[in-house]
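Working through the structure, step by step
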Amino acid sequence: MIPVNILEKYNPSIKTYYKDEIIFNEEDIPKFYYQLKTGKVKMFNLTEEGKEFTQGFFEKNTSFGEPPLLGTFDYPASAMCLTECEVYVLKKKVFLKLLKEHPDIHLKFTKILCNRMLYKAKIMKELSIHPPEHRILTLLHHLKETSKTEGLYEVQLTRQQISDLTGLRVETVIRAVKHLEKTKKLILKQRKVYI
């Protein structure tokens, strides 16, 4: 994420997108850097059967869709607004100029991309070989680690979002979360999940 005071020096436009509006589609050519001022976005893929697989959720003050700008390949997923969003939009060449002029920000992006790669590697392993409870715990532990929360961490995802991120059915997530609570691997308080 680029600090707003630096981002604004490069004259980004601010675009408003509405709930369920697509910002870019899978296989589009990347032309812009996107950073959320307000709202929430999800990145996802659709299978040939029309099933959705969520790659990630992005909220206020985070950016999304940067890897194709740096790797010069098409978007590997689509981005859709889950709420009304205000988004800073910066042309690709201006974004790259900003990174060259601010190596500290460039390094921060490298770290962010490494964490996203780690998440993808963990999730791919989980989806291929582990039972639902293990998949869910891996996701929740990853979220806690990346939030750098000490002590009890409140999971900010709905059961549906956990389902979307793990490739499990919502009913399976609900059963698995209840089982994980019984085995004391997580805590449920007023329907909220803590780990």
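Now for a look at the structure at hand. (Residues numbered from 1 in each chain as written. Predicted model: local features only at pLDDT ≥ 70, side-chain atom pairs only at ≥ 80, totals over all residues. Heavy atoms only, no water.)

Things to note about the nonpolar core
The condition that has to hold: By nonpolar core is meant a set of buried Ala, Val, Leu, Ile, Met, Phe, Trp, Tyr and Cys residues that side-chain atoms within 4.5 Å join together. The cut-offs for exposure are 20% and 50% of the maximum accessible area for each residue type, with area from a 1.4 Å probe on protein chains only; residues under the lower value are buried, those over the upper are exposed, and the others partly exposed. Helix and strand labels come from DSSP, where a helix needs a run of H or I of at least four residues and a strand needs a run of E of at least two; each type is numbered from the N terminus. Whether two residues are in contact is decided by their heavy atoms, any of which lying within 4.5 Å being enough.
Counting residues in each nonpolar core, the largest one holds 20 residues, and the members touching the most others are Ile136, Leu139, Leu140, Leu157 and Ile162. Among the elements of the structure, helix 4 (103-129), helix 5 (132-147), helix 6 (159-166) and helix 7 (170-182) are those that each provide at least two residues to this core. Leaving out residues up to four positions away in the same chain, isoleucine 136 has contacts with Ile162, Leu168, Val173, Ala176 and Leu180. Counting 16 residues, the second-largest nonpolar core is a separate cluster that includes Tyr34, Tyr75, Ala77 and Val87.

Some details on the pattern of salt bridges
Side chains carrying opposite charge are able to pair once their charged atoms draw close together. For the record, the criterion: The term salt bridge refers to a pairing of a side-chain nitrogen on Lys or Arg with a carboxyl oxygen on Asp or Glu at a separation within 4 Å.
For the structure on display, the rule yields seven salt bridges. Residue glutamate 59 pairs with lysine 40 through a salt bridge whose shortest N-O separation is 3.3 Å. Of this pair, glutamate 59 sits in strand 5 (residues 52-59) while lysine 40 sits in strand 4 (residues 40-46), and the two are 19 residues apart along the sequence. On the accessibility criterion, glutamate 59 (41% relative accessible area) is partly exposed. What makes lysine 40 buried here is its relative accessible area of 15%. A salt bridge links glutamate 154 to lysine 192; its shortest N-O distance comes to 3.4 Å.

Observations regarding helix 3 (residues 92-101)
Side chains three or four residues apart in an α-helix point the same way, a direct result of the helix having 3.6 residues per turn. For the record, the criterion: Within this analysis, the arc is defined by the directions that extend from the helix axis to the C-beta atoms.
Turning to helix 3, its buried residues are Phe95, Leu98 and Leu99. Buried residues along helix 3 cover an arc of 100 degrees about the axis, so they all sit on one side. Away from the buried face of helix 3 by more than 90 degrees, exposed residues Lys93 and Lys100 are located.

Here we look at the sheet that holds strand 7 (residues 78-81)
Backbone-to-backbone hydrogen bonds pair the strands of a sheet. The strands run either parallel or antiparallel. To keep things clear, this is the line we draw: Pairing between strands requires that DSSP locate at least two bridges from one strand to the other. All axes are obtained by fitting lines to C-alpha atoms, using only the stretch in contact for helices, and the reported angles, taken between N-to-C directions, cover 0 to 180 degrees.
As summarised here, the arrangement of the four strands in space is 2-7-4-5, forming an open sheet in which the pairing is antiparallel. Of all the strands in the sheet, the pair left with one neighbour each is strand 2 (22-24) and strand 5. Averaged over all pairs of adjacent strands, the angle between their axes in this sheet comes to 30 degrees, without regard to strand direction. Packing against the sheet, helix 6 makes contact with strand 4 and strand 5, and its axis sits at approximately 120 degrees to strand 5.

Some remarks on the packing of aromatic side chains
Under the convention used in this document: Each aromatic pair joins two rings of Phe, Tyr and Trp (for Trp, the six-membered one) with centres within 6.5 Å, and gets the label stacked for planes under 30 degrees apart, edge-to-face for over 60, and tilted for any other angle. Definition used: whenever NZ (Lys) or CZ (Arg) falls within 6 Å of the ring centre and also within 35 degrees of the ring normal, the charge is taken to sit over that ring.
By the definition in use, this model includes nine aromatic pairs. Centroid distance phenylalanine 24 to tyrosine 34: 5.6 Å. Interplanar angle 35 degrees. Geometry classified as tilted. Of this pair, phenylalanine 24 sits in strand 2 while tyrosine 34 is found in strand 3 (residues 32-38), placing the two residues ten residues apart along the sequence. You'll find phenylalanine 24 and tyrosine 34 in the same group, each marked buried. An aromatic cluster is present here, built from Phe24, Phe32, Tyr34, Phe58, Phe64 and Tyr75 joined pairwise through their rings. The ring of phenylalanine 57 carries the charged tip of lysine 40 above its face, separated from the ring centre by 5.3 Å. In this structure, lysine 42 packs its charged tip against the face of phenylalanine 44, placed 5.5 Å from the ring centre.

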